[in-house]
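Topology and contacts: notes
Now for the letters of each chain:
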There are 2 protein chains.
Amino acid sequence: MPVLHHHPLSAASRYVRLVLAEFGEEVTLVDEQPWERSEAFLALNPAGTLPVLIDETDGAVVGATPIAEYLQETRGARLGEDVLMPSAPAARAEVRRLADWFLGKLESEVTGYLVTEKVFKRLAPGPNGASSPDAAAIRAARSNIRYHLRYIGYLVARRNCLAGKEISFADLAAAAEISCIDYLGEVPWEEDSNAKAWYARMKSRPSFRSILADTVRGNPPATHYADLDF
Amino acid sequence: MPVLHHHPLSAASRYVRLVLAEFGEEVTLVDEQPWERSEAFLALNPAGTLPVLIDETDGAVVGATPIAEYLQETRGARLGEDVLMPSAPAARAEVRRLADWFLGKLESEVTGYLVTEKVFKRLAPGPNGASSPDAAAIRAARSNIRYHLRYIGYLVARRNCLAGKEISFADLAAAAEISCIDYLGEVPWEEDSNAKAWYARMKSRPSFRSILADTVRGNPPATHYADLDF
């Protein structure tokens with residue numbers, strides 16, 4: 001069984017967990033505290049970032065996007081060639097653009113701020129004890145989530161799923177990010193009913209079960225977090 | 001002929017120019033000033049980032065990594081399947097890890113700071129005229145470039161090229177970033193002879209010619225920039 005070095009509130013790690021589950025692949029999860037920069041972990045990934053997949057045959061595969069492509073090449077084929085990734089190059093490019101958008105832009109404009117300020121700063125106290133959350137960063141995240149939610153709603157209204165008619169890596173990437181934000185109770189669901197309906201569909205997939213069972217010590221999820229009818 | 005929306009000192013754009021040239025594909029270049037956020041450009045790419053490739057058949061392909069994968073899928077095959085991208089999934093994952101490392105980490109720790117502070121701030125003056133470069137950002141970049149150069153030297157000494165024996169997307173990504181830094185005269189070449197020898201090899205490739213001919217108004221390149229024997 002492959003091993004995934006992850007953190008429950010790392011959206012990139014959640015993305016890989018969703019990809020694995022969609023491909024019907026079981027995995028052993030190893031919790032990492034990315035801020036600790038342990039030598040053993042840096043030997044696996046000199047960048048010190050999550051996630052890292054350890055494949056039984058191929059060894060360490062590093063980074064959410066390389067892992068997703070790797071799993072598609074090694075596991076996806078057995079489910080049919082275009083599960084999660086269409087076969088036409090232009091359609092593949094659109095899936096990759098959107099997966100990068102969510103894992104890059106939504107992460108850096110919203111998820112990263114919220115998880116760092118509300119969770120990691122408390123779990124990883126500095127030399128003088130825990131530092132207090134940066135209110136400006138949290139305000140920026142709360143403002144930015146609104147246009148990301150509208151963009152999801154816009155895409156879904158036109159295409160059914162984010163990159164086209166069928167579910168793809170783009171939906172899993174977006175759902176992984178949104179699920180971390182939702183864990184912290186920071187998604188203004190009332191603002192976009194299309195985005196909400198899309199996330200309700202994503203949440204109902206069997207691949208989402210382990211994500212919805214996540215808890216982080218000292219930071220319980222928002223009350224509606226695991227509720228399929230939120 | 002495809003069209004590439006780019007900026008001469010956008011490393012991600014240079015990466016795609018190198019990939020196109022390695023695949024023997026001619027391209028029409030359209031200069032963009034990414035800070036202008038023109039409506040026409042945002043319609044091509046809502047993220048407002050460079051590069052964007054306009055393929056004659058498939059339309060807009062957005063983002064350096066999706067474009068490289070797209071070109072490999074649509075153009076790479078005619079040169080032999082493993083030009084720039086090996087065929088084994090584990091080797092592909094290593095190429096992708098390193099391309100992401102350079103386009104992400106080297107970009108955000110070095111190239112982005114230097115290009116923004118030394119060039120873009122002057123070309124894109126704020127409401128009160130040009131803002132002065134942030135000395136702390138430039139200092140950080142000058143410190144960070146050293147360990148990136150050592151990492152390149154370390155990989156090359158063990159593998160010949162960055163991700164393995166043969167040249168790959170990883171080498172082109174690293175060379176694109178380094179070439180922007182070198183344009184600004186900010187690579188401390190004396191610090192790593194393996195990295196220097198690798199870059200001399202990269203610079204000598206025909207695909208590099210157009211990169212070495214680049215100039216930006218008001219910012220001429222460092223004197224040794226186009227010199228193959230630097």
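The structure presented is a predicted model; accordingly, all values stated were derived computationally and were not measured.

Frequently, the measure chosen for interface size is the accessible area removed from exposure when the parts meet. Counting residues at the interface gives 21 residues for chain A, matched by 21 residues for chain B. The contact between chain A and chain B buries some 1700 Å² in all, and 68% of this surface belongs to carbon and sulfur atoms. At the boundary of chain A with chain B, the tally comes to 6 salt bridges. Here A:R96 and B:E69 are joined by a salt bridge, their closest N and O atoms 3.8 Å apart. Viewed at the interface, chain B and chain A are joined by 4 residue pairs in polar contact (both at pLDDT 80 or more). Elements supplying a minimum of two residues to the side of chain A that touches chain B: strand 4 (59-62), helix 3 (64-74) and helix 4 (89-123) of chain A. Top element by residues in the side of chain A that touches chain B is helix 4 of chain A. It accounts for 9 residues. Of the residues that constitute the side of chain A that touches chain B, the class distribution is 11 nonpolar, 2 polar and 8 charged.

This paragraph deals with the pairing of strand 4 of chain A. Pairing geometry for strand 3 (residues 52-55) of chain A and strand 4 of chain A, over 4 bridges, is antiparallel. Among the inter-strand pairings, A:L53 is bridged to a residue of strand 4 of chain A, identified as A:V61.

With that settled, consider the pattern of salt bridges. Residues and elements named next belong to chain B. Overall, the coordinates contain 32 salt bridges over all chains when judged by the stated rule. Across the pair E94 and R159 runs a salt bridge, and its minimum N-O distance is 2.8 Å. Note that E94 is positioned in helix 4 (residues 89-123) and R159 in helix 5 (residues 135-159), a separation of 65 residues in sequence. Given a relative accessible area of 29%, R159 falls into the partly exposed group.

On to the relation of the copies chain A and chain B, then. For these two chains of identical sequence, chain A goes onto chain B by a turn of 180 degrees and a shift of 0.0 Å along the axis, with RMSD 0.0 Å. Such a turn and shift between the copies fits a two-fold axis. A shared interface surface links the copies, since 100% of the contact residues of chain A are contact residues in chain B too.

Glancing now at the nonpolar core. Residue and element names in this part refer to chain B. Residues Y15, I178 and W198 are the most contacted members of the largest nonpolar core, which totals 70 residues. Of all the secondary-structure elements, those providing two or more residues to this core are helix 1 (11-22), helix 3 (64-74), helix 4, helix 5, helix 6 (169-183), helix 7 (193-203) and helix 8 (209-212). No other element matches the 13 residues that helix 4 contributes to this core. Taken domain by domain, the makeup of this core includes at least three residues from each of domain 1 (3-79) and domain 2 (89-205). Setting aside anything within four residues of it in sequence, one finds W198 in contact with I152, V156, L162, D171, A174, A175 and I178.

Before going further, it helps to examine the confidence of the model for chain A. On average, chain A scores 94 in pLDDT, and the residues at 70 or more come to 98%. In the model output, the complex is listed with pTM 0.95 alongside ipTM 0.93.

What follows is about the packing of helix 6 (residues 169-183) of chain A against helix 7 (residues 193-203) of chain A. Residue and element names in this part refer to chain A. For the pair helix 6 and helix 7, the least separation of the axes is 11 Å and the interaxial angle reads 95 degrees. On the basis of their axis angle, the class for helix 6 and helix 7 is roughly perpendicular. Residues D171, L172, A174, A175, I178, S179 and D182 of helix 6 form the contact with helix 7, whose participating residues are W198, Y199, M202 and K203. A per-class count over the contact of helix 6 with helix 7 returns 7 nonpolar, 1 polar and 3 charged.

Residues and elements named next belong to chain A. Pairing in this open sheet of 4 strands is mixed, and the strands run 2-1-3-4 from one edge to the other. Pairing within the sheet leaves two strands with one partner each, and these edge strands are strand 2 (28-31) and strand 4. Geometrically, the sheet is characterised by an average inter-axis angle of 25 degrees between neighbouring strands, direction not taken into account. Examined bridge by bridge, strand 1 (residues 3-6) and strand 3 share 3 bridges and lie antiparallel to one another.

Further remarks concern helix 5 (residues 135-159) of chain A. All names here are of chain A. Between its first and last C-alpha atoms helix 5 spans 36 Å; for 25 residues at 1.5 Å apiece the expected length is 36 Å, and the two agree. Within helix 5, burial applies to A137, I138, A141, N144, I145, H148, L149, Y151, I152, G153, L155 and V156. In this fold, the buried residues of helix 5 make contact with helix 4, helix 6 and helix 7. Two to three positions downstream of the cap, the backbone nitrogen of A136 sits 2.9 Å from a side-chain oxygen, assigning the N-cap of helix 5 to D134. The positive-phi residue at the C-terminal boundary of helix 5 is N160, with phi of around 85 degrees.

Another aspect to go through is the side chain of B:S10. Considering the arrangement of structural elements, one finds B:S10 in the loop between strand 1 (3-6) and helix 1. Among all residues touching B:S10, those that are not within four sequence positions of it are B:L50 and B:C180.

A few words on the packing of aromatic side chains. Enumeration according to the criterion identifies 21 aromatic pairs over all chains in this entry. Between the aromatic rings of B:Y183 and B:Y225, the centroid separation amounts to 5.1 Å while the plane-to-plane angle is 75 degrees, which identifies the pairing as edge-to-face. Taken as a pair, B:Y183 in helix 6 and B:Y225 in the segment after helix 8 lie far apart in primary sequence, 42 residues in all. There is no split in this pair, since B:Y183 and B:Y225 are both buried. Ring geometry for B:W189 versus B:F230: centroids 5.1 Å apart, planes at 65 degrees, classification edge-to-face. With B:W189 in the loop between helix 6 and helix 7 and B:F230 in the segment after helix 8, the pair connects residues that are 41 residues apart, well separated along the chain. Through a chain of ring-to-ring contacts, three or more aromatic side chains come together here, namely A:W189, A:W198, A:Y199, A:F208 and A:F230. Taking the ring centre of A:W101 as reference, the NZ or CZ of A:K105 above it sits at 5.4 Å. For B:K203, the ring lying beneath its charged end belongs to B:F230, and the centroid distance is 4.1 Å.

Thresholds, definitions, all that
- Residues numbered from 1 in each chain as written.
- Chains lettered and ligands numbered in written order.
- Predicted model: local features only at pLDDT ≥ 70, side-chain atom pairs only at ≥ 80, totals over all residues.
- Heavy atoms only, no water.
- Contact = heavy atoms within 4.5 Å.
- Buried area = accessible area lost by both parts, 1.4 Å probe.
- Salt bridge = Lys/Arg side-chain N within 4 Å of Asp/Glu carboxyl O.
- Polar contact = N/O pair within 3.5 Å; in protein donor to acceptor, adjacent residues only side chain to side chain.
- Helix = DSSP H or I, 4+ residues; strand = E, 2+ residues; numbered from the N terminus.
- Nonpolar A, V, L, I, M, F, W, Y, C, P; charged D, E, K, R; others polar.
- Pairing = 2+ DSSP bridges.
- Buried < 20%, exposed > 50% of the residue type's maximum accessible area, 1.4 Å probe, protein only.
- Least-squares fit on C-alpha atoms with pLDDT ≥ 70 in both.
- Core = buried A, V, L, I, M, F, W, Y, C linked by side-chain atoms within 4.5 Å.
- Domains from an automatic or database assignment.
- pLDDT = per-residue confidence, 0-100.
- Axes fitted to C-alpha atoms, helices over the stretch in contact; angles between N-to-C directions.
- Parallel < 35°, antiparallel > 145°, perpendicular 65-115°, else oblique.
- Expected span 1.5 Å × (residues − 1).
- Phe/Tyr/Trp six-rings, centres within 6.5 Å; stacked < 30°, edge-to-face > 60°.
- Lys NZ or Arg CZ within 6 Å of the ring centre and 35° of its normal.

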